[in-house]
Amino acid sequence: MSASTTTHEQSESSSDHHDHHDPPFWQKYIFSTDHKMIGLQYGFTALIFLAVGFFLMMVMRWSIAYPDRPIPLLSELPWFQMWLDDEGKVTGELYNMFGAMHGTIMVFLGIVPLAFGAFGNYVTPLQVGAPDMAFPRLNMASYWCYFVGGVIMLVSFFLPSGAAKVGWTNYSPLATMTDTNYSNIWWTGQTQWLLGMVFLISSSLLGAVNVLVTIINLRAPGLTWMRLPFFVWAMLVTGFLLLLAFPPLEVAAIMQLMDRVAGTSFYLPTDVLNNGVLMDAAGGGNPLLYQHLFWFLAHPEVYVLILPAFAIVSEIIPNNTRKPLFGYKTMVYSVMVLGFLSFIVWAHHMYMTGVGASVSAFFQTTTVLISIPSVILLTSMLISLWGGSIRFTVPMLFATAFIPMFGIGGLTGLPLAFNLIDLHLHDTYYVIGHFHYVVAPGTIFALFAGIYYWYPKQTGRMMSTWMGHLHFWPSLIFMNGIFMPMFFQGMAGFHRRAFDGGKAYEQISSQIFAGKDTLLANLFHGGDAILMIDLNIVMSTSAWLLAIAQIPFIINFFISIRFGKKVNSDNPWDATTLEWATPTPPPHGNFVVDPIVYRGPYEYSVPGAESDFSPQTEPIAEGEKPAEEGTH
């Protein structure tokens, strides 16, 4: 069935319905069931959490670059003083805490809610011609589960134990035994991390169900599967990934919670010593079980992060090249294959556990195979630029920068697919550089592109172009300044969790390379080349400058709400998809008249058409020759 006609017949989409919908403040802005307001709630909350996660990273970068210096300003704050040493320097315990919470906040509280929760909620119903999400109250519950989980994570910083501090992966048995010396184990950071994750995962499951049902059942008449924008296809696959991959992590978190507070032994082996004392536990558990459950989520999670980025860029590139998206059908099939393969590559994160040659060979093969659909998606977007009349708007700048940045992240991941190479690079800065190129200059650039692109639809005003440039160019430079040197440090063996920036490596190199005039000696210990350890200062300085580069975006975002240039139509970008057929901003119920779809999503520069864009709601005129459905 291509659309749910019954649902649209039952929906109230008349102008009277819009005019009389005036709920009280708390119901309109706080406990809203409108998908657009919930999308904005997700967006604002996620941006705040991204700022918190970025702050944690800047403190870590100070410890790495200047381990012998007190941290400025923060050493005067009472909460920080309890975690700093007597001289005001960052301790290993604080570094571990901020490292664990930086990963948790950026992934589960920042990027996923912004990519899937905000853009998925706001744009998906509009693009399928639906009046709202299929389950509005479930949608509201999804946001509030996310909000409660985030509050639990933040409050855990102020507990006597501090927040979780054993890495964002929270591996057992270390995570199970940490902070067990406190009288009330419930009020410890590790336990609160697990409780927070239960709320966050429940939020994602509710949101995934809602998106899937909305796309499958609430499509407008005429909106067949191969007329769906690629944005919707990507959100559909992302919803399935969330629905199938998150339950194992929720089970893993609950079982670890039981190990901590109820004396079970799901992950605790027999005769475990904790600070030299034999733990009072039954034993017989398997720590590797937790790793399997965690990574069965965490590798599909990578595509939960990246597929919404592809979705956003796939809308912006055709719009700004004024030509159809190249290889639309191939991209659709690729994203489905990508979703399937993402479930059978998880153990490439576990080569260090000694999984065996046969298992390693299987996961090496599937990891290499999963690069094929990713390359197809990137190539299609790259070819879409060829021969186009490109408009370098601010959204287009971020979208085009996404392509090489994600390309670097993908290419540097290929060596990690192989057991032999991963044994050397595992837990080094090489892995950090690879992953962050995927999600920082990759996904986050796409998210910025989406904010600039749909901002006029949400507010009726344009964001400042010159401030957008002031945001983009320094961000591009300093993103690479942070992450590119990590590949060189990683290949040199720098460990990702060295809070002192690798001072131990400096001491070792002085013993091995002193007095030698070789390339490695120069890189590690003097000579004319830059010392590997000096790259810490380059990366940390880039991180702080990147923070400053976000100030124009923050100013632009809020100032433009009131003083931005007003749009002169409901479709300021001259786009083709259904969200631009609504009033600006879209009212309750979205559409004044239920839309009917006549053509594909990217009918730009159609031969015989009166203009260079043909909206999906525009009937095909006599003499017009639109591209065959889905074969652009």
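Residues numbered from 1 in each chain as written. Predicted model: local features only at pLDDT ≥ 70, side-chain atom pairs only at ≥ 80, totals over all residues. Heavy atoms only, no water.

Pairing is possible between side chains that carry opposite charge, provided their charged atoms lie close to one another. Per the counting criterion, the structure on display carries 7 salt bridges. The salt bridge partner of K165 is D179, with a shortest N-O separation of 3.5 Å. Remark: D179 occurs in the loop between α8 (174-177) and α9 (189-217) and K165 occurs in the loop between α7 (136-155) and α8; sequence separation between them is 14 residues. D612 is paired through a salt bridge with R322; the nearest N and O atoms lie 3.0 Å apart. Placement of D612 in the segment after β4 (565-566) and of R322 in the loop between α11 (287-321) and α12 (328-341) is noted, with a sequence separation of 290 residues between them. Take R322: its relative accessible area is 7%, and that puts it in the buried class. (Salt bridge = Lys/Arg side-chain N within 4 Å of Asp/Glu carboxyl O. Helix = DSSP H or I, 4+ residues; strand = E, 2+ residues; numbered from the N terminus. Buried < 20%, exposed > 50% of the residue type's maximum accessible area, 1.4 Å probe, protein only.)

A few words on the environment of G284. Topologically, G284 is positioned in the loop between β2 (277-278) and α11. What makes G284 exposed here is its relative accessible area of 64%. For G284 and P269, which are 15 residues apart along the polypeptide, the C-alpha to C-alpha distance reads 4.8 Å. With residues up to four places along the chain from it excluded, the contact list for G284 reads S265, L268, P269 and T270. (Contact = heavy atoms within 4.5 Å.)

In this model, α7 (20 residues) spans 29 Å end to end at C-alpha, consistent with the 28 Å of a helix rising 1.5 Å per residue. Inspection of α7 places N139, S142, Y143, C145, Y146, G149, G150, I152 and M153 among the buried residues, and these make up the whole buried set. Residues of α7 that are buried make contact with α4 (35-65), α6 (92-127) and α9. (Expected span 1.5 Å × (residues − 1).)

On to the packing of aromatic side chains, then. Summed over all chains, the structure comprises 58 aromatic pairs. Measuring from ring centre to ring centre gives 5.4 Å for F310 and F402, while their planes differ by 90°; the resulting arrangement is edge-to-face. Of this pair, F310 sits in helix α11 while F402 sits in helix α14 (residues 394-413), placing them 92 residues apart in sequence. Overall, the relative accessible area of 1% leaves F310 in the buried class. Exposure remark for F402: the relative accessible area of 0% places this residue in the buried category. (Phe/Tyr/Trp six-rings, centres within 6.5 Å; stacked < 30°, edge-to-face > 60°.)

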